[in-house]
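Results of the structural survey
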Amino acid sequence: MTVLSMLPPLKEAIVHHLNSESLTALLKDKPDNKLEIWEDLKIISFTRTMVAVYSTCMLVVLLRVQLNIIGGYLYLDNSVGKSTATPLAPPDVQQQYLSSIQHLLGDGLTELTTVVKKSVQNSLGGVSLKQSLSLLELEQQLSWIRAEVEAGSERPMSWYMLADDENALADQACGLTESDIVTIRLLNETRDMLDSPDFTSVLNASLNRGFSRLLDNLAEFFRPPPGDSASSFAPDSLSAVSLPLAKIIPIVNGQINYVCSETPSHFVQDLLMNDQVKEFAANVYETFSAPQELQK
């Protein structure tokens, strides 16, 4: 299981929740309620792009943690001085454990979408389609939405990534196999990791990197035309060019193809190469490959 292999199903799930294509198809027929459809498209476009950034960042850090926990246990399984022949992470446990990432693509994504959509509505709901925004103003809007999503949520960000203990056990109510018990232990250990201040810091660094990359991509559409007076005095100014919100919507709407690209993109590459993520993953591996973990 890799990040790139998980991006197509993630993108499919996001598009299923936030289907802007059906709205753009309606607009082609020039309906009477065109303005109403545009307003819906505004909210859905921004929501799905921000959900794409959030969920891709979560996918990268969660999968890194899970693979390094398994890696640590496999190291112990193959170590010479191991005291028991029973593997700590047999293949069926690995498969069951890694399948827990489906929560992020299912209930976690549904709840994240609801929270982000509400924040987008609060921030952009009253902004007219005719109002022009510079890149700096667009960045401010995204920052306000992020602040509400990340600080105003009743749940920690880790909830979107891994199901609660009760949910994890609900399917096993009729009796737990030995593999189930090992998998549940792995999930509990993962949950402890996700609730740690270090993980919160790593996820936040990934989100900052992800949203910074998104803005870099959006900046390409805000460049002054060659020879324009704005380009001569402020080539890199975030305020040099403004676009009406109605023109920004399709640009934002299309970003999911960049964020959730199944071919290696700068966006995902940047997240994978983030030093904080790599360092945290190495610490996870070191913790779970230490022999004292066997005593748990």
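For the structure itself, consult the block above.
Now for a quick tour of the structure.

1. Topic: the overall build of the protein
Helices and strands together make up the secondary structure of the protein, namely 15 helices and two strands. Looking at the 296 residues of the protein, the share that counts as buried comes to 49%. For the protein, the exposed area adds up to about 14700 Å²; of that, 53% sits on carbon and sulfur atoms.

2. Quick word on unusual backbone geometry
The backbone of lysine 30 shows a phi angle near 50°, a positive value even though the residue is not glycine. As for its placement among the helices and strands, lysine 30 is situated in the loop between helix H2 (20–28) and helix H3 (34–77).

3. Focus on the packing of H3 against helix H10 (residues 197–219)
With their axes 9 Å apart at the nearest point, H3 and H10 run at an angle of 140° to one another. Judged on the interaxial angle alone, H10 and H3 are oblique. Helix-helix and strand crossings are classified by hand; for H3 and H10 the assignment is right-handed. Facing Thr49, Met50, Val53, Tyr54, Cys57, Met58, Val61 and Val65 of H3, the residues of H10 in contact are Phe199, Val202, Leu203, Ser206, Leu207, Gly210, Phe211 and Leu214. Taken together, the residues of the contact of H3 with H10 sort by class into 13 nonpolar, three polar and no charged.

4. Looking at the packing of aromatic side chains
A complete count under the given rule lists six aromatic pairs for this structure. With a centroid separation of 6.5 Å and 65° between ring planes, the pair formed by tyrosine 75 and tyrosine 285 is classed as edge-to-face. You can see tyrosine 75 sitting in helix H3 and its partner tyrosine 285 sitting in helix H15 (residues 275–288), a full 210 residues away along the chain. Residue tyrosine 75 is classed as partly exposed on the basis of its relative accessible area of 46%. Overall, the relative accessible area of 31% leaves tyrosine 285 in the partly exposed class. Taking the centre distance of 5.8 Å and the plane angle of 70° together, the rings of tyrosine 258 and phenylalanine 267 count as edge-to-face. For the pair formed by tyrosine 258 and phenylalanine 267, the shared burial category is buried.

5. A closer look at the packing of H3 against helix H6 (residues 107–124)
With their axes 9 Å apart at the nearest point, H3 and H6 run at an angle of 135° to one another. Comparing their axes, H6 and H3 come out oblique. Along this stretch, H3 crosses H6, giving a crossing that reads as right-handed. Touching Lys42, Ile43, Phe46, Thr47, Met50, Val51, Tyr54, Ser55 and Met58 of H3 are Leu109, Leu112, Thr113, Val116, Lys117, Val120, Gln121 and Leu124, all from H6. For the contact of H3 with H6, the class distribution of residues is eleven nonpolar, four polar and two charged.

6. Re the pattern of salt bridges
Using the criterion set out here, one finds seven salt bridges in the structure. Residue arginine 48 is joined to glutamate 21 by a salt bridge in which the shortest nitrogen-to-oxygen separation is 2.9 Å. Here glutamate 21 lies in helix H2 and arginine 48 lies in helix H3, a separation of 27 residues in the sequence. We note a salt bridge from glutamate 39 to lysine 42, for which the minimum N-O separation is 2.8 Å. Of this pair, glutamate 39 and lysine 42 both sit in helix H3, three residues apart, which is roughly one turn of the helix.

The rules behind the values
Counting starts from 1 at the beginning of each chain's written sequence and moves along it residue by residue. In view of the model being predicted, local features appear only for residues whose pLDDT reaches at least 70, and side-chain atom pairs are presented and counted only at 80 or more, with totals across whole chains, interfaces and linings using the full set of residues. Where side-chain values are given, they derive from all heavy atoms of the structure, hydrogens and water being excluded. Helix and strand definitions follow DSSP, with helices as H or I runs of at least four residues and strands as E runs of at least two, each counted in order from the N terminus. For every residue, the accessible area obtained with a 1.4 Å probe (protein chains only) is divided by the maximum for its type, and the residue is called buried under 20%, exposed over 50%, and partly exposed between those limits. Under the convention used here, a 1.4 Å probe and the Shrake-Rupley method define accessible areas, while residue burial counts only the protein chains that appear. The axes are straight lines fitted to the C-alpha atoms, using for helices just the contacting stretch, and the angles between their N-to-C directions are given from 0 to 180°. Any angle from 65 to 115 degrees is called roughly perpendicular, while one under 35 is roughly parallel, one over 145 is roughly antiparallel, and all others are oblique. It is the rotation of the near helix from the far one that decides the hand of a crossing: anticlockwise by less than a right angle makes it left-handed, clockwise makes it right-handed. Two residues qualify as a contact provided that any one of their heavy atoms is within 4.5 Å of a heavy atom in the partner residue. By the convention adopted, Pro, Cys, Tyr, Trp, Phe, Met, Ile, Leu, Val and Ala count as nonpolar, Lys, Arg, Asp and Glu as charged, and the other residues, Gly among them, as polar. Geometry of aromatic contacts follows a simple scheme: Phe, Tyr and Trp rings, the Trp one being its six-membered ring, pair when their centres are within 6.5 Å, and the pair is stacked under 30 degrees between planes, edge-to-face over 60, tilted otherwise. Think of a salt bridge as a Lys or Arg side-chain nitrogen and an Asp or Glu carboxyl oxygen that are within 4 Å of each other.

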